[in-house]
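Architecture at a glance
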Amino acid sequence: MVSSKTKKIVKPTKKKIVKKTKPTQQRTKVICISHKEDADGISSAALIRQAFGGDSVLVDYPGQMEAIQKVCADEKLKSLYICDLGLSKKNQDEFVELLKTLKKNHVSVTYIDHHDIDPEITKALEKIKVKMIHDINECTTVQVYNAFKSKLSDHAPFIAACAAITDYMEDRPIGSKLLQIYDRQFALINATVLTYNIVGHQKDPDYLLYLVEELAESKFPHEIPNTFEFAQIQVDKLAQIIAKVKKGMKTMKNIGYMEIMDSGASGAVNFVLGLSGKDVGVAYKERVDHGIYAVSVRGSKSCKIHLGQIVNLLATELGGSGGGHDKACGAVIPKPKIKKFLTEFNKKLN
């Protein structure tokens, strides 16, 4: 006989299988990758350091992508600032892909620059939520100051004004206002001392990082030990370059040009421009370690062509890279292609 009271059938409960996850490393690092070859790049790194702390990585154009790749592999990276490093047709797509990887890993990325940039690349970076601070009318340090001034000391405007001077952008809207705060000659001599110490220590990365640290500590360039003495040595070297340029410079229809052997191309190119009587000056120096020529280009005030755009396209066609401003730019050209670069560049200036 079956009881009216039916027994409850209790189903056995399945044990939940808890997957063991590897403990993720906490992201804490702040890194700024900035241009090492001029005061704008060094000063940008200094103000980022002052505002956010962290480490600085200083690179030239040939080394910028390798540096970003290395930073991408750092599992502790939390925030990345990229300053004063313009893009070219050769590296812009890789740049976007590397930053995509960082964003997927929840790394905050801020790109601050003033070089000409392809509008499609700007859209691509904004799409992946890279913070873009980009204005071709102000140098990078001025833009860093303007964006983060609430986090910076009252000395920061002076560093930005010096950077504007060295990038020939002290007449721009924000840069000119910053320069008005200070005695012009005081700012000029500090900007010059800083520039000569940067240019003269390109093979000494530790010293360049030391400059970043000192500037971040609100030091005037003239206060940093031995900067005046070293600047004087650089001035003597530049005086010797003038004689060499007079003797070794060559010209084409639209350009003056010269291969530089014993100094930086950027230090000599203004002499080539001035002494050639042309609207465009080109100086180039072999980088034996990379099998390339580092090329610096400068235009006179009467030059109406955007030199950075032309150099970007031409350098890419020749297997190199390049770009920059309308009257000041640079390129990396494979060693066998330097003569073709000069002749084609001259033609494009007609």
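This one's a predicted model, so the numbers in the text were calculated from it and none came from an experiment.

**Quick notes on the overall build of the protein**
A count of helical and extended segments in the protein gives 13 helices and eleven strands. Compactness check: the protein gives a C-alpha radius of gyration of 26 Å against a globular reference of 20 Å for 350 residues, more than 25% above the reference. Overall size of the protein, expressed as C-alpha extent along the three principal axes, is 120 × 45 × 35 Å. Within the protein, residue pairs in contact and separated by at least 24 positions form 66% of the contacts whose partners lie at least 6 positions apart. When the accessible surface of the protein is summed, it comes to about 18900 Å², and 53% of that surface belongs to carbon and sulfur atoms. Of the charged side chains in the protein, 52 are positive and 40 negative, and the gap between their average positions amounts to 12 Å.

**Re the pairing of strand 11 (residues 328-334)**
Among the seven residues that make up strand 11, six are buried, leaving the element largely enclosed by the rest of the structure. Relative to strand 11, strand 9 (residues 292-299) runs antiparallel, the two being bridged by seven bridges. By the bridge assignment for strand 11, Tyr 293 is matched with Ile 333. Where strand 10 (residues 321-324) meets strand 11, four bridges bridge the pair, whose relative direction is antiparallel. When the bridges of strand 11 are listed, Ser 321 appears paired with Val 332.

**Description of the side chain of His 115**
Here His 115 is to be found in the loop between strand 4 (108-113) and helix 4 (119-127). His 115 gets classed as buried once you look at its relative accessible area, which sits at 8%. A polar side-chain atom of His 115 sits 3.3 Å from a polar atom in the side chain of Tyr 61. Setting aside its immediate chain neighbours within four residues, His 115 contacts Tyr 61, Asp 84, Leu 85, Gly 86, His 134, Ile 136, Gly 324 and His 325.

**Comments concerning the sheet that holds strand 10**
With respect to topology, six strands assemble into an open sheet ordered 6-7-8-9-11-10, the strand pairing being mixed. Unpaired on one side and paired on the other, strand 6 (250-251) and strand 10 mark the two borders of the sheet. Most of the contacts of helix 12 (residues 307-317) go to strand 10, to which it runs at about 170°, and overall it touches strand 8 (280-287), strand 9, strand 10 and strand 11.

**Quick word on the confidence of the model for the protein**
Across the protein, the average pLDDT comes to 91, with 93% of residues at or above 70. Here residues 1-9 scores under 50 on pLDDT; set against residues more than four positions off or in separate chains, the count is zero contacts.

**Examining the sheet that holds strand 1 (residues 29-35)**
Pairing between sheet strands relies on hydrogen bonds along the backbone, with the strands arranged either parallel or antiparallel. Pairing is parallel in the open sheet, where five strands are placed in the order 2-1-3-4-5. Two strands close off the open sheet at either side, each with one partner strand: strand 2 (55-59) and strand 5 (131-134). Pairwise comparison of adjacent strand axes, ignoring direction, gives a mean angle of 15° for this sheet. In terms of strand pairing, strand 1 meets strand 3 (residues 77-83) through six bridges, oriented parallel. Residue pairing in the sheet places Ile 33 in a bridge with Ile 82 of strand 3. On the sheet, helix 1 (residues 39-52) packs against strand 1, strand 2, strand 3 and strand 4 and is oriented at approximately 165° with respect to strand 1.

**What about the pairing of strand 9?**
For a regular strand, side-chain orientation follows a simple rule: the groups alternate between the two sheet faces. Counting buried positions along strand 9 gives seven out of eight residues, so the element sits mostly inside the fold. Pairing of strand 8 with strand 9, which is carried by eight bridges, proceeds in the antiparallel orientation. Residue pairing in the sheet places Ala 283 in a bridge with Ser 296 of strand 9. Counted along the chain from strand 8 to the antiparallel partner strand 9, the turn is four residues long, and its residue Gly 291 has a positive phi close to 65°.

**A word on unusual backbone geometry**
Outside of glycine, negative phi angles account for most residues, and trans bonds account for most peptide bonds. Phi angles above zero are rare outside glycine, and Ser 218 is one such case at about 65°. Within the secondary structure layout, Ser 218 lies in the loop between helix 9 (205-216) and helix 10 (227-248). Note on Ser 218: relative accessible area 26%, which makes it partly exposed. If you check the backbone angles, Asn 226 has positive phi at about 70° while not being a glycine. Here Asn 226 shows up in the loop between helix 9 and helix 10. Taking relative accessible area as the criterion, Asn 226 reaches 54% and is therefore assigned exposed.

Here is what the cut-offs are and how they apply
- Residues numbered from 1 in each chain as written.
- Predicted model: local features only at pLDDT ≥ 70, side-chain atom pairs only at ≥ 80, totals over all residues.
- Heavy atoms only, no water.
- Helix = DSSP H or I, 4+ residues; strand = E, 2+ residues; numbered from the N terminus.
- Rg over C-alpha atoms; globule rule 2.2 N^0.38 Å.
- Contact = heavy atoms within 4.5 Å.
- Areas by Shrake-Rupley, 256 points an atom, 1.4 Å probe, with all protein chains shown as cover.
- Lys, Arg positive; Asp, Glu negative; His and termini not counted.
- Charge placed at Lys NZ, Arg CZ, Asp CG, Glu CD.
- Buried < 20%, exposed > 50% of the residue type's maximum accessible area, 1.4 Å probe, protein only.
- Pairing = 2+ DSSP bridges.
- Polar contact = N/O pair within 3.5 Å; in protein donor to acceptor, adjacent residues only side chain to side chain.
- Axes fitted to C-alpha atoms, helices over the stretch in contact; angles between N-to-C directions.
- pLDDT = per-residue confidence, 0-100.

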